[in-house]
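# Tertiary structure, described
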Amino acid sequence: MTKHDVVIIGAGGVGCAVARELSRYNLNIIVLEKECDAAGGISGRNSAVVHAGFNNAPGSLMAKLCVEGNRGFEALCRELDIPYKKTGKLLVAFDETDMNALQEIMQQGIRNGCEGLRLVDADEMEKLAPGIGGIGGMYSPETAVFDPFLYCIALAENALENGVTFHFNSEVVAIEHDMIEEHGEEHSDDRFVVKTAEGGAYACRFLINCAGLSSGNISEMAGGPAYQIYPCRGEYFILDKVAEELLPMPVYPAPRKGIGGLGVHLTPTTAGNIIIGPSAEYISQIDDLSTTRPVMDELFAKAKALMPALERKYIIGSYAGIRPKLAPPEEGGYRDFIIQEEADCPGLINLIGIESPGLTASVPIARMVRGIIGERMPLEEKKDFVAKRKGPIRFRDLSEEEQAELIREDSEFGEIICRCQKVTKREIRNAIENPFGARSISAIKYRAWATTGRCNGGYCLTRIVDMLVNEYGVKPEEITYRSTGSELFSGKVK
Amino acid sequence: MSETKNRTNEYETRGVVHETCDVLVVGAGPGGLAAAKSARDAGAEHVLLIERDDRAGGILNQCIHDGFGIVRYRKQLTGPEYALRAEQEAEASGIELLTGCHVLRIDAQDERERAHTHVHARTHTSARAYVVTAVSADGLKQIEAGAVVIATGCRERTRGAIAIPGSRPAGVFTAGVTQNFVNIRNIMPGKKVVIFGSGDVGMIMARRLSLEGAKVEAVIEIFPQPAGLSRNVSQCLYDYQIPIFCSHTVSKIIGKKRLEAVEISELDESMQPIKGTERLIACDTLVLSVGLIPENEVAQTAGIKLDARTNGMITDEYLQTNVPGIFACGNARRIMDLADFVSEQGELAGRNAVAYLNGTEMGEWDEARTSSMAKGFPEEGVVTCTLCPTGCQVRYNEVLGEYEGNKCKRGAVFAEQERVDPRRILTTTVKVTGGKLLPVRSAEPVSKQKLPQLVQELSKITVELSVKCGDIVAEIQDGEKTVAIVATADCSL
Ligand SMILES: Cc1cc2nc3c(=O)[nH]c(=O)nc-3n(C[C@H](O)[C@H](O)[C@H](O)COP(=O)(O)OP(=O)(O)OC[C@H]3O[C@@H](n4cnc5c(N)ncnc54)[C@H](O)[C@@H]3O)c2cc1C
Ligand SMILES: Cc1cc2nc3c(=O)[nH]c(=O)nc-3n(C[C@H](O)[C@H](O)[C@H](O)COP(=O)(O)OP(=O)(O)OC[C@H]3O[C@@H](n4cnc5c(N)ncnc54)[C@H](O)[C@@H]3O)c2cc1C
């Protein structure tokens, strides 16, 4: 058993932000994550929009933390070298009812403290986002897009550099109490012993529940309230980069009452692929990430209404994310985040119902957690905290001159491994050699952005596997797509 | 649309290597190899052939089965043998082959010159109209060329593009990727396989995976007829009792981490799944053979017009694209069934590129040159001759006492043999010291029934380096007969 001041469960955007925030202080912190890498949960399956904060009820935590998160996002992305693009965003009205809804949402946004919101007519809309349908809209200049995978990875890497321990492939299955009675350690501050399926045991004083869709179970395991989480699935399509120029900024429909999300929208990503979605459908299992034919057809039709130039042939992939909703299906809409230390379970800090805009708000959420801990014990700032992180080089973003120079320094920058995204061998190597030792194809994919293009990895997968087998000694049957169980191959042919 | 964002406007970018050539060919598959050779034969002095892979041959290197070269060389060759032959011919003609070099884009020279008044010394006759930017371990290169032939081949349509519903577990591969893993990298994707799509690559992989010990549960095809050659339906599916479900689709992919099953459904006339016809097939691997798409990223950078439906480069009858002096051939222009015709087309493209430079007359491509092969289900009660891709449907006429339907004499001999003792050329791989795989074939046809057993026997042997194509690497016993196993590619360290 190891002892810690803080155990964080979950290495999604929220868990990683909490880890990084707390790593500013002299605390012994460990993050336990059941997947093989950061961003293996909801944080890797969403719209990746830095929301401005006009969608949320005034006075709610959601509104407050979203606006705060938005204001600090760009600086954070600069500090941690995370792809970020301030695109602005357009909400589109198709009729008068929609226009009224936009009026309302703008007023709400202004009350929440969002900046620069304004209504635009069809002419201005055509200038902002040519070819988008609708009679008018609302423009939000502060909305942005970012890379959610590298967001989590960067926060985690920076936390690691500042002394936080990460245990991946570690699924929390039991949480025990009452150290004092059990072990007779009169003066122990430990309140919890967290146990994992892999046999780990971690004693801690503060248990921070950032388990996303499983946060209800974890709370119950720890002796806190049994929150009911209602999984609500959102499906997406990914478009080929050739469609990049069709969409300069996220385009959403005007809000309609009662749906559990923001409506099917079009969002450019920092990598240049547009995403379409999400749908909103309450489902029974928290891990059913299937896409379904009726929803896929509906997504396409709705997106085509927003962007008439859309064509089926642009589609290169699909995925789904699941919202951890506190609002039951019959209620719909949003219930506010729960972020609190549970009164009848001291030391358990619950983060429940962290659905959209959870990524935007993750750093302010982390600061709230720090505030709660700070009330219980004095927090001492580290003198040697390293705030900056430099991400690995992205060959494709450099000028020809810089590219030529790099190849001279390291010839592996001259070997293209992923043809669709122009990722070089050196970048794949950097990804394979990540500080967490994550060797799954997904870990390489999200770091180097290989396999993400129109050929779905047809070209680079063989080459990446070659490197893993021949240069890193991984056996073919050990190579996984994500965590254990997702092995890609049965072994050698002969 | 084109990926030109990295482009600097300076004519000379520091650190970039500059070269020139007369004709530059992109892609060293059969199309590019033939184009380069014929450009050289037609008198171009410096022909540069650029290939991103570490060797020439293109997709043929992984097509270890036989059936290539009948039209062009009047011989039964495997893919690697055909590729080697094409490469040797090209090299003998005096072209320069650059492997491990990835072409990023092609720019028209005059645009660059208009923008910059850089005076540029021209070599002898031809004005070098294009600048090709390429990257390799040696650095970033910019090569000026008088004419360009694009022979970049194709890629496969993916699960993402056809949007199969369901989860996204490991174990879903395209057929070409599967072929590459199994035949070149010695990696087996799985043991219980369903194949979606009955294109030739899919059927060939059904046979290949069966021979390597996997159980191929079914081939699923959305159309009422198999998409590939009758010859492949016969020798890849029927020979191995692999069921094919036509007018069916994979309606769902099931499995959280690794594939566990696929749901298939029957399709109605409008290609919609019929409710109530769903059934599950347990499997750990789904192989997709759902179409090939011309690979035209490079072409797009040059402003070449593509066919909106097929993504192929649009050309005139001289194989010239809308950009004068840039020619197209092979799968990058239009997906072709047979490598032999790709070579033939490449030859014409290379010759026309030189004619363009010299201002002489170009030759026309005969589009009908591609389609004399039987496709879909073989007819009832016939023998499908598998000696060549034509796939003649040979039938015994009881009244006349002779075979009919065969376009050449060998068809009758094949059909007769098929009645008494069906035989096939064996193609597989063997291990080479050091871990690589070597493609091999039997020197003569072996008993069809014994193929799986013989392949298993050959799996156990390891061949010493270095081996040359044509070397005998083993002998096997086919009943009474001793049959030589020969290498179909060169292999050294
Ligand atoms: C469809 C959709 C669209 C969205 N769009 C946006 C958007 O555009 N902008 C925005 O700001 N937000 C958006 N969100 C919300 C945002 O994605 C989430 O709020 C955020 O990712 C939540 O992060 P998290 O760390 O709480 O959860 P997660 O990322 O799910 O992290 C929880 C982690 O806990 C781990 N875990 C669970 N149980 C255990 C256990 N027993 N032991 C160990 N580890 C465990 C999981 O594996 C997971 O990695 C969207 C959400 C959805 C579903
Ligand atoms: C998986 C598969 C299996 C097949 N099986 C058969 C078969 O059994 N029998 C048959 O007759 N035909 C088969 N075919 C058809 C086959 O494609 C053609 O016969 C032939 O190989 C096509 O020749 P090509 O020269 O057009 O393309 P390819 O052989 O694909 O060659 C294109 C070459 O261009 C290179 N290239 C592409 N882009 C760049 C760049 N930017 N820079 C540098 N180099 C580049 C590629 O690396 C490749 O080597 C198969 C095709 C596929 C895809």
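Residues numbered from 1 in each chain as written. Chains lettered and ligands numbered in written order. Predicted model: local features only at pLDDT ≥ 70, side-chain atom pairs only at ≥ 80, totals over all residues. Heavy atoms only, no water.

In this structure, Tyr151(A), Ile208(A) and Leu351(A) are the most contacted members of the largest nonpolar core, which totals 59 residues. At nine residues, helix α5 (residues 148-161) of chain A tops the list of elements feeding residues into this core. For Tyr151(A), the residues in contact, after removing those within four places along its chain, are Gly13(A), Phe73(A), Leu76(A), Ile82(A), Phe146(A), Leu359(A), Ser362(A) and Val363(A). Counting 42 residues, the second largest nonpolar core, distinct from the first, contains Ile204(B), Ala206(B), Tyr240(B) and Ile244(B). (Core = buried A, V, L, I, M, F, W, Y, C linked by side-chain atoms within 4.5 Å. Buried < 20%, exposed > 50% of the residue type's maximum accessible area, 1.4 Å probe, protein only. Helix = DSSP H or I, 4+ residues; strand = E, 2+ residues; numbered from the N terminus. Contact = heavy atoms within 4.5 Å.)

Here the focus is the interface of chain A and chain B. On the side of chain B, 65 residues touch chain A, which itself brings 62 residues to the contact. When the two sides are added together, the surface that chain A and chain B hide from each other amounts to roughly 5,100 Å², 53% of it contributed by carbon and sulfur. When residues of chain A are sorted by the area they lose upon contact with chain B, Glu400(A), Val493(A) and Lys494(A) head the list and together hold 17% of the total. Our count for the chain A to chain B interface comes out at seven salt bridges. Arg185(B) is paired through a salt bridge with Asp466(A); the nearest N and O atoms lie 2.4 Å apart. Across the contact surface, chain A and chain B share 20 residue pairs in polar contact (both at pLDDT 80 or more). (Buried area = accessible area lost by both parts, 1.4 Å probe. Salt bridge = Lys/Arg side-chain N within 4 Å of Asp/Glu carboxyl O. Polar contact = N/O pair within 3.5 Å; in protein donor to acceptor, adjacent residues only side chain to side chain.)

Next up on the list: the sheet that holds strand β10 (residues 172-174) of chain B. Residues and elements named next belong to chain B. What the five strands build is an open sheet, ordered β10-β18-β12-β13-β14; its pairing is parallel. Edge positions in the sheet fall to β10 and β14 (244-245), since each has one partner strand and no second. As defined by bridge partners, strand β13 (residues 215-220) adjoins β14 across two bridges and the pair is classed as parallel. Counted as the bridge partner of Val219 is Ile244 from β14. Across the sheet, helix α6 (residues 175-183) lies against β10 and β18 (285-288), angled at about 90 degrees from β10, the strand it touches most. (Pairing = 2+ DSSP bridges. Axes fitted to C-alpha atoms, helices over the stretch in contact; angles between N-to-C directions.)

Residue and element names in this part refer to chain B. Between helix α1 (residues 30-41) and helix α10 (residues 339-358), the least distance of the axes is 7 Å, while the angle of their chain directions is 35 degrees. Here α1 and α10 pass one another in a crossing that is right-handed. Listed contacts from α10 to Pro30, Gly31, Ala34, Ala35, Ser38 and Ala39 of α1 are Ala339, Val342, Ser343, Gly346, Glu347, Gly350, Arg351 and Val354. For the contact of α1 with α10, the residue count by class is seven nonpolar, five polar and two charged. (Left-handed = near helix turned anticlockwise from the far one by under 90°. Nonpolar A, V, L, I, M, F, W, Y, C, P; charged D, E, K, R; others polar.)

Time to look at the domain arrangement of chain A. Residue and element names in this part refer to chain A. You can read the domains of chain A as domain 1 (2-42 + 149-228 + 335-376), domain 2 (89-141 + 230-325) and domain 3 (395-478). One C-alpha centre belongs to domain 1, the other to domain 2; they are set 32 Å apart. Contact residues are listed per partner, giving eight residues for domain 1 and eight residues for domain 2. When the buried surface of domain 1 facing domain 2 is broken down by residue, Leu213, Gln228 and Glu355 rank first, second and third, together holding 70% of it. Our count for the domain 1 to domain 2 interface comes out at one salt bridge. Of the charged contacts, one joins Glu355 and Lys325 as a salt bridge, the two residues approaching to 2.7 Å between their closest N and O atoms. Inspection of the region where domain 1 meets domain 2 yields one residue pair in polar contact (both at pLDDT 80 or more). Grouping the amino acids of the side of domain 1 that touches domain 2 by side-chain chemistry returns three nonpolar, four polar and one charged. (Domains from an automatic or database assignment.)

Residue and element names in this part refer to chain B. In terms of domain boundaries, chain B breaks down into domain 1 (3-154 + 293-368), domain 2 (158-290), domain 3 (383-420) and domain 4 (427-487). Opposite the four residues of domain 1 that make contact, domain 3 presents five residues. Summed over both sides, the interface of domain 1 with domain 3 buries roughly 300 Å², with 64% coming from carbon and sulfur. Linking domain 1 with domain 3 are zero salt bridges, by the criterion used here. Class assignment of the residues belonging to the side of domain 1 that touches domain 3 gives a composition of two nonpolar, two polar and no charged.

All names here are of chain B. Considering every residue of chain B, the mean pLDDT works out to 92; 93% of them sit at 70 or more. The low-confidence segment residues 114-126 (pLDDT under 50) makes 15 contacts with residues lying over four places distant or belonging to another chain. Confidence metrics for the complex model read pTM 0.94 and ipTM 0.94. (pLDDT = per-residue confidence, 0-100.)

Turning our eyes to something else, we now look at the site of ligand 1. All names here are of chain A. The local shell around ligand 1 holds 39 residues, among which Glu33, Ser43, Val49, Ile354 and Thr360 are the closest. Contact between ligand 1 and Lys34: a nitrogen atom at 3.2 Å from a main-chain N or O atom of the residue. Ile42 is positioned such that a nitrogen or oxygen atom in its backbone is 2.9 Å from an oxygen atom of ligand 1. Surface burial for ligand 1 is 97%, taken as the share of its 1,000 Å² of free accessible area covered by protein chains. Across the shell around ligand 1, the residue classes tally to 17 nonpolar, 16 polar and six charged. Residues lining the shell around ligand 1 come from more than one domain, with at least three contributed by each of domain 1 (2-42 + 149-228 + 335-376) and domain 2 (89-141 + 230-325). (Near = heavy atom within 4 Å. Areas by Shrake-Rupley, 256 points an atom, 1.4 Å probe, with all protein chains shown as cover.)

A separate point is empty space enclosed by the protein. Residues and elements named next belong to chain A. Scanning the entire structure with this criterion turns up six cavities of 30 Å³ or more. In this structure, the largest cavity occupies an estimated 60 Å³ of space. In terms of lining residues, the largest cavity is bounded by Glu35, Cys36, Asp37, Ala38, Gly40, Ser442, Ala443, Tyr446 and Arg482. Here the residues of the lining of the largest cavity sort into four nonpolar, two polar and three charged. Residue contributions to the lining of the largest cavity reach at least three from each of two domains, namely domain 1 (2-42 + 149-228 + 335-376) and domain 3 (395-478). Of the volumes computed, that of the second largest cavity is approximately 50 Å³. If you go around the second largest cavity, the residues you meet are His51, Gly53, Asn55, Asn56, Leu262, Tyr334, Ser356 and Pro357. Its residues assigned to classes, the lining of the second largest cavity comprises three nonpolar, five polar and no charged. (1 Å grid on protein atoms, 1.4 Å probe; cavity = no way out; pocket = protein on both sides within 12 Å on 5 of 7 lines; lining within 4 Å. Points joined across faces, edges and corners; volume = space filled by probe spheres on them.)

Moving on, we get to the site of ligand 2. Residues and elements named next belong to chain B. Around ligand 2, 35 residues are found, and the nearest of them are Gly31, Glu51, His65, Val103 and Asn331. A distance of 2.9 Å separates a nitrogen atom of ligand 2 from a polar atom in the backbone of Val103. Residue Asp337 places a main-chain N or O atom 3.2 Å away from an oxygen atom belonging to ligand 2. A total of 970 Å² of accessible area belongs to ligand 2 in isolation, and the protein chains cover 94% of it. Looking at the shell around ligand 2, the element that brings in the most residues is strand β6 (residues 101-108), giving three residues.

Turning to the packing of aromatic side chains, a few remarks are in order. Using the criterion set out here, one finds 18 aromatic pairs over all chains in the structure. Geometrically, the ring pair formed by Phe166(A) and Phe168(A) is stacked, given 5.9 Å between the ring centres and 15 degrees between the ring planes. What makes Phe166(A) buried here is its relative accessible area of 10%. Ring plane angle 50 degrees and centroid distance 6.3 Å describe the contact between Phe68(B) and Tyr82(B), whose orientation is recorded as tilted. In this pair, Phe68(B) sits in strand β3 (residues 66-68) while Tyr82(B) sits in helix α3 (residues 79-92), placing the two residues 14 residues apart along the sequence. The pair Phe68(B) / Tyr82(B) is uniform in exposure class, with both members buried. Pairwise contacts between aromatic rings join Phe73(A), Tyr84(A), Phe146(A) and Tyr151(A) into one cluster. Here the basic side chain of Lys325(A) rests over the ring of Tyr334(A), its NZ or CZ set 4.3 Å away from the ring centre. Lying over the aromatic face of Tyr73(B), Arg85(B) brings its terminal NZ or CZ to 4.1 Å of the ring centre. (Phe/Tyr/Trp six-rings, centres within 6.5 Å; stacked < 30°, edge-to-face > 60°. Lys NZ or Arg CZ within 6 Å of the ring centre and 35° of its normal.)

To continue, consider the sheet that holds strand β16 (residues 261-266) of chain B. Residue and element names in this part refer to chain B. Taking strand neighbours across the sheet as the criterion, the three strands line up as β15-β16-β17 in an open arrangement whose pairing is antiparallel. If you trace the sheet from one side to the other, it starts and ends with β15 (248-254) and β17 (279-282), each paired once. Strand-to-strand twist across the sheet, computed as the mean angle between neighbouring axes with direction ignored, equals 30 degrees. Pairing analysis gives six bridges linking β15 to β16, with the strands arranged antiparallel. Across the sheet, residue Val250 finds its bridge partner in β16, namely Ile264.

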